[in-house]
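Residue strings, one per chain:
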Amino acid sequence: MAVGRRTRELAIRVALGAREASMRWTRLLESQLYGIAPHDAATLAAGLLGLLAAGTLASDLPARRAARLDTAAALRSE
């Protein structure tokens, strides 16, 4: 039954114009998920929070460095 659902889903994706490479990528990604559904809400939320945390940390260091600059000295040097 699960194979039938996957076949229909893949056929619909191809009919809507999905490329073969993107179909293979989907299969590769699914093979890396052990015991987790690809569209599990908790997994998606955890991934989103992880990306938000990484983005926040990546932008925090340059922002702190820029806030410590002496603007008058920076303008005089140019």
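Residues numbered from 1 in each chain as written. Predicted model: local features only at pLDDT ≥ 70, side-chain atom pairs only at ≥ 80, totals over all residues. Heavy atoms only, no water.

Asks: Give me the overall build of the protein: which residues, what numbers.
Replies: Counting secondary structure elements, the protein contains four helices and zero strands. The buried share among the 78 residues of the protein stands at 3%. (Helix = DSSP H or I, 4+ residues; strand = E, 2+ residues; numbered from the N terminus. Buried < 20%, exposed > 50% of the residue type's maximum accessible area, 1.4 Å probe, protein only.)

Asks: Any chance you could break down the pattern of salt bridges for me, citing the residues and the numbers?
Replies: Two side chains carrying opposite charge are able to pair once their charged atoms lie near each other. The tally for this structure, following the rule as stated, stands at one salt bridge. Between arginine 64 and aspartate 60 there is a salt bridge whose closest N-O contact spans 2.8 Å. With arginine 64 and aspartate 60 both in helix α3 (residues 41-67), this residue pair falls four residues apart, about one helical turn. Exposure remark for arginine 64: the relative accessible area of 52% places this residue in the exposed category. (Salt bridge = Lys/Arg side-chain N within 4 Å of Asp/Glu carboxyl O.)

Asks: Requested: an account of α3, with residues and values cited.
Replies: For α3, with 27 residues, the first-to-last C-alpha span of 38 Å sits near the 39 Å given by 1.5 Å per residue. Taking the largest bend as the criterion, α3 deviates by roughly 25 degrees, centred on aspartate 60, and proline proline 62 comes between one and four positions later. (Expected span 1.5 Å × (residues − 1). Bend = angle between axes of the 7 residues up to and from the residue.)

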